[in-house]
Each structure stands twice: as C-alpha cells, then as structure tokens.
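Letter by letter, the chains look like this.
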Amino acid sequence: MNKKKALITGITGQDGAYLAEFLLEKGYEIHGIKRRSSSFNTDRIDHLYQDPHTSHRNFILHYGDLSDSMSLVRIIQQIQPDEIYNLGAQSHVAVSFEIPEYTVDTVGLGALRILEAIRILGLEKKTRYYQASTSELYGEAQEIPQKETTPFYPRSPYAVAKLYAYWITVNYREAYGMYACNGILFNHESPIRGETFVTRKITRALARISLGLQDRVYLGNMDAKRDWGHAKDYVEMQWLMLQQDEPDDFCIATGVQYSVRDFVNFSWGHLNKKIRWEDKGMNEKGYDMETGNLIVAVDARYFRPTEVKTLLGDSTKAKEKLGWVPKITLEEMAREMMENDINLAKRDTLIKRHGFKIPNFNE
Ligand code: NDP
Ligand code: GDR
C-alpha cells in the first residue's frame, strides 16, 4: 500500500517538530517546507534528518516560503499530498505589533495561498487541509470559557491575520467542498518552545539564575492568565481532525487556567525554592526567599499595546467527536521544561568554565 503523504509548513517550529515525529510513527511520508535562513534553522528536527543521497526517504525538506505563491504551487504539485498541515507563521503576538504587514502576509495570505494552490491544482477532493487557528481569536473574551461558538474579538495584528486565515478556511470548505478544518488551539508549550514565549523564557531564565549564569529575568504582565497545554498532546488532535468523515472546527484546551506569576512559582518551586512577591500588581517583583535576591522584575517594554488578559478553553466538542483529551498537566510540563533548561544551563556552565563565551540574551 502507498504511504500517506503529509506536507507540513512550519516544520522547523515547535508544533512542526512534534507533528513530524508523530506522523512518522504512523507511517507517513513527511514533506516539510523550510525557509531560507543565513544560519541553520533545523535544530528541532535534526534528529529526523535523512541524507538526501539515500533512497527511500520518508522525511524530505523543501525550500519554500508562505509569502511565495510560486514555491507553494511547485511543492504541492510535486508532492500531491493527502494532507497539508499549515503551521507556518510569524507566531509571536508582541512582534506582530512591530512587523504587522509581514505578519499578515505569512499568517493571513499564507493560508489563502495554500488553499488556492490546492484549488488551482485540482486537488480539492484529494488534499485535506489543517489550519493552525488560535485562542488569540477570542482576544477580549466575550464569554468564559471560550468554545467554538464564542464570538471572536482579536487584539493584535497577529490575531487579526489569524481571523482572516480562519474564515478563508471556512469559506474554501463551503465554496469548493474542500476538506478544510480549523484547530482553535489554546497556548501549548514544551521544552522546545521558542525562547521568547513567556513559559520558556521563564524556565530558561530560572534555570540559568539557579546556576549563577544570570541574576534576574525581566517580564511583562504577570497577571495575564492562560490555558496552557503540552504541544505533544495537541499535535495528535491536529491529525485526528483530518481523519473524520466530515471537516469541522474544534477548540483544543485543558480547561484549567493559571497566571504568568503561577507559572513562575511552579518553575522555581521545581528547585524546592520559594519566591516572595512584593509590590502586588503590574510592578510586582519576585525575591528568592533563601537569598533575598531579586530574581523577577517587571519591565514595561514587555507590555503590549492591547493585551489579552485571560483565556480559558472548553474542548467538550473535541472530547465528544474526536475522543481527544489532554494528558499532560501544567505541573508535569513545567517540570519537564525546567529539567531540560537546567541541562542546557549546565552545558553553558561547562563551556564558560573552559573560557568560552556564552550568549547572554534576555529578550
Ligand atoms: P513557531 O513559532 O515555533 O514556529 C513557526 C514556524 O513557521 C517555524 O517553522 C518558522 O520557520 C515558520 N515560518 C515563519 N515564517 C514563515 C514563512 N514566511 N514561510 C514559511 N515558514 C515560516 O510556532 P508553533 O510551532 O508554536 O505554532 C505553530 C502554529 O500554530 C503557528 O501558526 C502558530 O501561530 C499557531 N498556534 C500556536 C499556538 C501555541 O501555543 N504554540 C497556539 C495556537 C496557534 P523558522 O523556524 O525558520 O522561523
Ligand atoms: P501568547 O504567548 O501571546 O499567548 O501567544 P506568550 O507566551 O508570548 O504570552 C503569554 C502572556 O504572557 C504575558 N507576558 C509575556 N509574554 C512574553 N512573550 N514575554 C514576557 O516577558 C512576558 N511577560 C508577560 C503576555 O503579555 C501574554 O499575556 C502564544 C503564541 O504561541 C501564539 O502564536 C498563539 O496563537 C497563542 O499563544 C495561543
């Protein structure tokens, strides 16, 4: 039997890496789109790499870009994929205020370019399409918890671009009978989460502080609340959504909410340490109880022009129709992330001890 072929945009990102691993285990032939970079950008998938000079590969990367229709048409025509997972994006909410046009180009028009490529190539009945939609669509939440029927109120250029991508996916499904779905995923993290998203920024910094590599971490809104799940759990749902009889849209969340401050406490608590918080509110500072040293400081540069204060999801529909339930708790995930970042910090300590310079970025 011929292997199923999946094409993944954003394969070098957090979800792309977990999804590629998951689909390889299911026996898929994986094709991924990577964009040109002046330095290597495949860290998260290097363990899956197969030498292009060998035959019978089932993991193949193609140069392309969501802003380049021609590359997308060429790759889709060549592969004729059974499934496309559109995970590629300028996915940082705060950065989208700095580069709004580029964000809309990759996130909004990127989705349109793929859908239109499927249509132009006459693959409407063959190729199933997954759109990486987001809880950021709810923004200023109109209902608690949020589910598939909750009205959207996006609060950033990123979220507004994702709103376009959401509706163009629905429109191509209705207009052309395509199997196209939106996974409205709430925040999901992991040890390979990008270093500038708040959870990873926290675990990485606290690990380094505990080993004396840096003295504090600067954060923004400590009161923001999120429904945080584990990326490994969530990619299974992306696949399940494309295996149904009829295409549909689903919310994916844990149904449990914590604040950024809670996440700091979980992570520092992993080291059996406690934090004393002073100046309650936005200017709150966190001191290590043992040493009395300031380890968390609030810096207004991390506040956003319009903030999403609180998100909490209801994934009853996914539980009922897909049989999907999240397995990994936030405490387990924070522990896994801390352990990973402590190992990386130990490696940096060793490098420093031998006289080499280590990067000291604090974004
Ligand atoms: P990441 O930021 O980790 O990965 C984004 C990926 O998109 C990277 O592979 C990146 O490539 C690629 N990319 C960026 N710009 C382009 C472009 N112009 N052309 C082609 N590829 C590009 O995101 P996640 O893995 O966390 O998220 C996956 C998707 O899910 C995104 O669309 C995100 O918006 C969405 N989402 C994520 C959630 C989360 O909590 N993680 C929640 C809800 C939705 P490179 O490595 O070269 O930068
Ligand atoms: P988010 O994730 O914006 O929800 O988007 P992020 O981790 O960036 O922020 C979560 C909340 O934490 C607050 N915050 C900080 N955020 C960052 N990045 N850095 C800080 O120093 C900091 N301090 C406080 C933020 O203000 C925010 O309220 C993520 C992305 O993966 C999107 O692509 C995805 O669509 C959504 O999750 C669901």
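Taking an unreviewed UniProt entry as the reference, the protein is identified by name as GDP-mannose 4,6-dehydratase belonging to Ruthia magnifica subsp. Calyptogena magnifica. Here the protein is described in UniProt, under the heading Sequence similarities (unreviewed entry), as follows: "Belongs to the NAD(P)-dependent epimerase/dehydratase family. GDP-mannose 4,6-dehydratase subfamily." UniProt lists a comment for the protein under the heading Cofactor (unreviewed entry), and it reads "NADP(+)".

Some thoughts on the site of ligand 1
Neighbouring ligand 1 are 26 residues; Gly10, Gly13, Gly88, Ala89 and Ala132 lie closest to it. At the level of elements, helix H1 (14-25) and strand S5 (128-134) are the ones that each hand at least two residues to the shell around ligand 1. With three residues, the single largest contributor to the shell around ligand 1 is H1. Looking at the shell around ligand 1 residue by residue, the classes come out as six nonpolar, 17 polar and three charged.

Description of the sheet that holds strand S1 (residues 5-9)
Ordered in space as S3-S2-S1-S4-S5-S6-S11, the seven strands form an open sheet in which the pairing is parallel. Each having just a single partner strand, strand S3 (59-63) and strand S11 (250-252) make up the two edges of the open sheet. Going across the sheet, the axis of each strand differs from the next one's by a mean of 20 degrees, ignoring polarity. Contacts from helix H2 (residues 69-79) reach S1, strand S2 (29-34) and S3, with the element oriented near 165 degrees to S1.

Quick notes on the domain arrangement of the protein
Accessible area lost upon the coming together of the parts is a frequently used measure of interface size. Entries for the protein in the domain assignment read domain 1 (5-185) and domain 2 (198-225 + 258-309 + 330-354). A separation of 31 Å is found between the C-alpha centroids of domain 1 and domain 2. Grouping the amino acids of the side of domain 1 that touches domain 2 by side-chain chemistry returns three nonpolar, two polar and two charged.

Digging into the UniProt feature "binding site: NADP(+)" (unreviewed entry) in the protein
When the UniProt feature table is mapped onto this chain, "binding site: NADP(+)" (unreviewed entry) is found at Tyr129. Considering the arrangement of structural elements, one finds Tyr129 in strand S5. Exposure remark for Tyr129: the 26 C-beta atoms within 10 Å place this residue in the buried category. Not counting residues up to four positions away in its chain, the partners in contact with Tyr129 are Ile84, Asn86, Leu115, Ile118, Met178, Tyr179 and Ala180.

What about the packing of helix H8 (residues 260-269) against helix H10 (residues 330-353)?
The contact between H8 and H10 brings their axes to 9 Å, and the two run at 60 degrees. When the axes of H8 and H10 are compared, the pair comes out oblique. Considering how the two elements wind past one another, H8 and H10 form a crossing that is right-handed. Contact with H8, carried on its side by Phe263, Phe266 and Ser267, involves Leu330, Glu331, Ala334 and Met338 of H10 and no other residues of that element. Split into classes, the residues belonging to the contact of H8 with H10 amount to five nonpolar, one polar and one charged.

A word on H2
Inspection of H2 places Leu72, Ile75 and Ile76 among the buried residues, and these make up the whole buried set. The arc enclosing the buried residues of H2, seen along the axis, measures out at 95 degrees, which places them on a common side. Of the residues in H2, the exposed ones pointing more than 90 degrees away from the buried face are Met70, Gln77 and Gln78. Structurally, H2 contributes buried residues whose contacts are with S1, S2, S3 and helix H4 (100-120). Once H2 finishes, Gln80 follows within two positions and takes phi at roughly 50 degrees, a positive value.

Looking at the nonpolar core
Core analysis: the biggest nonpolar cluster contains 63 residues, and Ile8, Leu19, Ala20, Leu115, Tyr129 and Ile252 have the highest contact counts within it. Here the element with the most residues in this core is helix H5 (residues 157-176); it accounts for nine residues. Ignoring anything within four residues of it in the chain, the contact list for Leu19 reads Ile8, Tyr85, Leu87, Val235 and Gln238.

How each quantity is defined
Residues numbered from 1 in each chain as written. Chains lettered and ligands numbered in written order. Predicted model: local features only at pLDDT ≥ 70, side-chain atom pairs only at ≥ 80, totals over all residues. UniProt positions renumbered as here; feature names shortened; annotations may be inferred. Near = placed C-beta within 6 Å. Helix = DSSP H or I, 4+ residues; strand = E, 2+ residues; numbered from the N terminus. Nonpolar A, V, L, I, M, F, W, Y, C, P; charged D, E, K, R; others polar. Pairing = 2+ DSSP bridges. Axes fitted to C-alpha atoms, helices over the stretch in contact; angles between N-to-C directions. Contact = placed C-beta atoms within 7 Å. Domains from an automatic or database assignment. Buried ≥ 20, exposed ≤ 12 C-beta atoms within 10 Å, placed from the backbone. Parallel < 35°, antiparallel > 145°, perpendicular 65-115°, else oblique. Left-handed = near helix turned anticlockwise from the far one by under 90°. Arc of directions from axis to C-beta. Core = buried A, V, L, I, M, F, W, Y, C linked by C-beta atoms within 7 Å.

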